[in-house]
Amino acid sequence: MSTESKIKARQALNIAPDNKIIFSFDGGGIRGIFTIQLLKKIEEIVGAPIYEWVDMVAGTSTGAIITSLIANKKSATEIETLYEDLAANIFKERLLGNRSLNPPQFDKINYRAICKDIFGNKSLKNLGESSGIDLFFTAKDMVAGEETFFTFFNKNENSKAVDTYQDALMRAVVEATMSAPTYFQPFERFIDGGTTVYNNPVMAALMEAFHYNGKEKYSSDNTTVFSFGTASLFRFVPLEEITDPKGPDVLFWLDYVMDESSKDASEMQVNFLRSTLMKGLDFRRFQLSLDRKSIEKLPNKSLKKLDNIDANSIHQLSDRELAKINMADVKMLPLMKILGEAVADFVHDKNGFKSDLRGENKLVTGMDSNYREKLKKHLQKASWIDHLPTA
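Residues numbered from 1 in each chain as written. Predicted model: local features only at pLDDT ≥ 70, side-chain atom pairs only at ≥ 80, totals over all residues. Heavy atoms only, no water.

Enquirer: Explain the packing of aromatic side chains here, please?
Expert: The relative placement of two aromatic rings is captured by the distance of their centres and the angle of their planes. The tally for this structure, following the rule as stated, stands at 17 aromatic pairs. What links up through ring pairs into an aromatic cluster is the set Phe23, Phe25, Trp53, Phe226, Phe228, Phe286 and Phe353. For the cation-ring pair, Arg99 lies above Tyr183, with the distance from its terminal atom to the ring centre recorded as 4.0 Å. (Phe/Tyr/Trp six-rings, centres within 6.5 Å; stacked < 30°, edge-to-face > 60°. Lys NZ or Arg CZ within 6 Å of the ring centre and 35° of its normal.)

Right under this line is the structure:
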């Protein structure tokens, strides 16, 4: 890593001179293009590619793709080009493939070929040593019944932990961590790391850095963490649809629980790290919820060049249109790119990535305060409780 770039980055981003820097990337399918726009803006601010000054990168699923490309010494602009190529080719429909009736929906043949072309037979250790960056990836091992961490940490004499999979080929790791059930065939025993709370890998990465392979090299009072979301669709279900959902009940609940449990776990991790429970940690989270309330805070980017979107600008997007942004819908890639650019401009204008997005600058919509007050009154009434259906 470049000493000059490390100094420049810390000065430009208001990071303590001796702090270690960790970048953590969420999963989210094609929405990873959103995250890349934030990285481009950060590199523009610093004036040097991230791989020259970051100490550790962590990722799962689409975030693992971004992580691996940083480890492969690619700038954010180069990552964007490679990512768009991947997105255009990865979602190859199987004959009669269907997520619900005949999974998996997609064939990984193109993904495997492109990853082989990018990484060849370089191992996790090869990339970690050549870049000087510590690496962390997540996947779920179904045979062992546990989350698997693929890690490589550069020499750390204070750690007695073992990088179990440091010699695994990089292309094997990124296929393991992106093999989302029903979308793709499992990678032998491995499925997408996002099937656990590690669709946001930040807490797992810090556990590894502070207590295992990175012990004493990293600590909460000498680390700055950048945690990147992929823009998330928080589902606000109308009250009447909870007891009478549209479509088959079992499909509604399976879809809801699979989707929402991961988002809730992600937000809990963010709330924990924003608290004072981890003393001295410089934590910075960058995320957008895909709803009008949050998007109206952003600069009003034009959408006139997008043929598949009715709105002329992002402020004209309806909640219904935003709800259509599927992690596997490549047609939505250009829209996600523009939303990423808007968030990058917003953050640059508000705090220049020098601090966490919170308070009035927060881009994740929370519960309406009027609704909360109404609910509090309901919960105090015995008659309201007693009249609720029991079956």
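Enquirer: Teacher, can you tell me more about the side chain of Gln287 here?
Expert: Tracing the backbone shows Gln287 in the loop between strand S9 (282–286) and helix H11 (292–295). Residue Gln287 is classed as buried on the basis of its relative accessible area, which comes to 7%. In this structure the side chain of Gln287 is engaged in a polar contact, spanning 3.4 Å, whose partner is the backbone nitrogen of Thr230. Within the structure, the side chain of Gln287 is placed 2.9 Å from the backbone nitrogen of Ala231, a separation counted as a polar contact. Among residues more than four places away in sequence, those in contact with Gln287 are Gly229, Thr230, Ala231, Ser232, Leu363 and Val364. (Helix = DSSP H or I, 4+ residues; strand = E, 2+ residues; numbered from the N terminus. Buried < 20%, exposed > 50% of the residue type's maximum accessible area, 1.4 Å probe, protein only. Polar contact = N/O pair within 3.5 Å; in protein donor to acceptor, adjacent residues only side chain to side chain. Contact = heavy atoms within 4.5 Å.)

Enquirer: Hey, could you run me through unusual backbone geometry in this one?
Expert: For residues besides glycine, phi is generally negative; the peptide bonds are generally trans as well. The omega torsion across Pro103 and Pro104 is 0 degrees, close enough to zero to call that bond cis. Locating Pro104 in the fold gives a position in the loop between strand S3 (92–93) and strand S4 (106–107). Here Asn14, not a glycine, exhibits a phi torsion of approximately 60 degrees, which is positive. By the element assignment, Asn14 lies in the loop between helix H1 (3–12) and strand S1 (20–25). Located in the positive-phi region is Glu188, a residue other than glycine, with phi close to 55 degrees. Looking at the element boundaries, Glu188 is found in the loop between helix H7 (170–178) and strand S7 (190–192).

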